[in-house]
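Overview (structure and organization)
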Amino acid sequence: MKPFVPLLLPLLLYQLLPSLVLTNTCPTDCTCAVQDSIFCFSRRATKMPSEVPTATKNLYVFKNGIETLSQEDFNGLSSLEMLDLSQNKLTELPDRIFEHLSSLHNLDLSANQIVHISQESFAGLELLERLYLYSNLIESIHPAAFDGLEQLIELKLQGNKLTTLPALKMPHLLLLDLRFNSIPSLGPKDLQTPKLESLKLGGLGLSSLDEDLLGSFKNLHELDISNNQLTTFLPVLREAKGLVTLSLAGNPMSPVKWEDFEKLTELQELDISNLSLQGLPETLTRLFPLLQRLTVAENPFNCLCNLAWFPSWLRKKQIQLGRTEETRCHFPPLNSGKVLERLGHRDFGCPVTTTVTTRTVKTTVVPPALVTSLPSTSHAVLHAKPSGNPSTETRNNPPPPTPSTSIDPDLRTTFCPTNICLNGGTCWLDNEGHLECICPPGTLGTYCENDLPTVFTTVAPEITATKVTSSSILLDLHRYIEMRPHIRGVRLTYRNLSGPDKRPKQLNIPASYPEYTLRGLQPNSTYSVCASPLGESGNMDSICTESQTVSQQPSPTGARLENPKITTMLIPAVAILLLLVLIAIAVAVACYMHRKKSKGQLDLECDSSQLELNGLDNGTLPQKKEIILCPSTVQNGGLDYEVPLMQNHCTANNNVNSLKPSYF
């Protein structure tokens, strides 16, 4: 049995060594509170930290002042999956600088001073999924710089000085951000990215956009072509039924033809700022039934009666108006400079269409009906009836006009008795000719005389899904993070409740991400998503929600999409199988040697109990590890400052952040 002992000891030590190293070793001026992760921020050092444990998976070295890199900085870090070098002072990337990082999935080089990307800047990164190069000074990229990055699912190049773009042959790319460069034209040969979900081309100076290029994307959900020189609405967009987010802001394409939007019924976010719009048609209420956010800033609106419907529509449909303070009236002079959303109906100067006289309105209190539900604003109706002698009333005063649906709001409050409504309630004359008290939140009753019991108070959920497509879910974490101001990060755990594989997948994000997009999900599936504070064990503070992705329309070609992760899954499986075969052979040899030494004695069957007799308990044998298939997923993001991802386990997803965050 002695030949078997040297075979197992190295395997056992190999499994135990990473945890021992990370527990006892941490580079100077860095923190290692999270397992497998090292955070080195604001070190004010010009070089990489030394003595990084070889088992590290996530290394964050942002805002350090690093000026140069060398291959020695990454020796032995073959297990590294996430490397963040953002907000440093790098001016160049030496050739093959990252070739030792064979397991790297995420590389963040944003907010440096890099000028050129060479042919071998990213050599050896065959498994790379996310590459962030935004907010640098990049002027040129070698045509073959991205060759070999076939697993890339997200590429961010916004905010550089590019005038040309190398042909991108990336079969699995889901997000491409090129905003705020100077690339005057793009064609189908430039972007050979058939699976693209999010394309951001704002501020490139485009005077036209190749329709064959846009037509090549069969699963495009997000398109930003703002701040270009496009003079007409692209005809190909009229048939882009799967679009969820569209930005046309800052293009000289006035006047806007609203019939161009008739088939874009799935839009949830629309930006039509700075298009010289003077008004908005009321048909807008029917064009976008799923709209959640609308941005119409920097337009010279004429705030007259034909726009009076707009503020109340926003409130009724709970549509968020982007850039509210920049959405103001230019005309008439009385409204000039006022915020459009804050105007009341009377401010638009609509003509009076109904006359109501006070002599025919007399109130009689009627007991209120049983309240079965309590909305945020309750209405207590006081029916108005004529007085007792109809003949005298008709003879002395003309009968009141038939109630109209267009009673002017300025006249409604004129005929209310003084102080009839209590607790701040507002008296109102409805279209049926009745008086009512509109009660503020927290009160109810005929005259708003009763306080609303606290049992009816609704608490807003801490984590919600605000936007859903066939392959992505946008999570709102604002309330969850606000209620936990001291957490270092958020651990998201999600699982597909509709698929055969319901095993949970996890990823970690900084606490400065108020919104986060899960991408690469399965269509028509229900997902359970839970959030818990990073670094704490257990689920005592876990908050969960469920959301269902929408169905995906079948591809015209009907071709089956291959899974880029199958190869990654099979390699460790084959390695484990080979290890088991070697162990079996070693056991057989040991049994044979044992029987040979026994000679005249009876041959005993070799089993696991014999191993125990030789000092190796059966429980110490290496176990076959569970292989978790992680989906190929992606995230979106913008030119606004972004903090690094903290991946755990499955390299997936990213998020959007509208503010420059503070790091931990």
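Residues numbered from 1 in each chain as written. Predicted model: local features only at pLDDT ≥ 70, side-chain atom pairs only at ≥ 80, totals over all residues. Heavy atoms only, no water.

1. What to know about the pattern of salt bridges
Opposite charge on two side chains makes pairing possible when the charged atoms of those side chains draw close. In plain terms, the rule: Should a side-chain nitrogen of Lys or Arg be within 4 Å of a carboxyl oxygen of Asp or Glu, the pair is scored as a salt bridge. Helix and strand definitions here come from DSSP, where helices need a minimum of 4 consecutive H or I residues and strands a minimum of 2 consecutive E residues; each element is numbered from the N-terminal end. Whether a residue is buried, partly exposed or exposed follows from its accessible area with a 1.4 Å probe, protein chains only, as a fraction of its type maximum: under 20%, in between, or over 50%, in that order.
This model, assessed by the stated rule, comprises 16 salt bridges. Taking the shortest distance from any N to any O, the salt bridge between E239 and K263 comes out at 3.1 Å. Here K263 lies in the loop between β14 (245-247) and β15 (269-271) and E239 lies in the loop between β13 (222-224) and β14, a separation of 24 residues in the sequence. Under the relative-accessibility criterion, E239 is labelled partly exposed at 47%. K263 gets classed as partly exposed once you look at its relative accessible area, which sits at 42%. Salt-bridge contacts for E298 lead to R323; the nearest nitrogen and oxygen are separated by 2.4 Å. Residue E298 is found in the loop between β16 (293-295) and β17 (301-302), and its partner R323 is found in the loop between β18 (320-322) and β19 (329-331); the two are separated by 25 residues along the sequence. For R323, a relative accessible area of 31% puts it in the partly exposed group. One connected set of salt bridges, linked through shared partners, spans E197, K200, E222 and R519.

2. Section: a nonpolar patch on the surface
Inclusion rule: Each patch is assembled from residues with relative accessible area greater than 30% and no salt bridge, linking like charges that lie within 9 Å and nonpolar side chains (Val, Leu, Ile, Met, Phe, Trp, Tyr) that lie within 5 Å. Accessible areas in this description were obtained via Shrake-Rupley with a 1.4 Å probe; residue shielding takes into account the shown protein chains only.
A cluster of nonpolar side chains, namely L577, L578, V581, L582 and I585, defines an oily patch on the protein surface of about 470 Å² accessible area. Its location among the elements puts V581 in helix α8 (residues 566-598).

3. Observations regarding the sheet that holds strand β25 (residues 464-468)
As a reminder of what qualifies: If DSSP finds at least two bridges between two strands, the strands pair. To obtain each axis, a line is fitted to C-alpha atoms, and for helices this fit is confined to the stretch in contact; angles are then taken between N-to-C directions over 0 to 180 degrees.
On the basis of which strands lie adjacent, the open sheet formed by three strands has the order β25-β26-β29 and antiparallel pairing. In the strand order of this sheet, the two ends are held by β25 and β29 (515-519), each with one partner. The sheet shows a mean angle of 30° between the axes of neighbouring strands, taken without regard to direction.

4. Quick notes on the packing of aromatic side chains
Counted only if it meets this: Ring pairs shown here join Phe, Tyr and Trp side chains whose ring centres sit within 6.5 Å, with only the six-membered ring taken for Trp; geometry is labelled stacked below 30 degrees between planes, edge-to-face above 60, and tilted in between. Only lysine NZ and arginine CZ atoms are considered, and such an atom sits over a ring when it is within 6 Å of the ring centre and within 35 degrees of the ring normal.
Counted by the stated rule, this structure contains eleven aromatic pairs. With centroids separated by 5.7 Å and ring planes inclined at 50°, the aromatic side chains of F74 and F98 adopt a geometry described as tilted. In this pair, F74 sits in the loop between β2 (58-60) and β3 (82-84) while F98 sits in the loop between β3 and β4 (106-108), placing the two residues 24 residues apart along the sequence. The exposure class assigned to F74 is buried, which follows from its relative accessible area of 0%. For K156, the ring lying beneath its charged end belongs to Y132, and the centroid distance is 4.5 Å. The ring centre of Y480 lies 3.7 Å from the NZ or CZ of R484, which sits over that ring.

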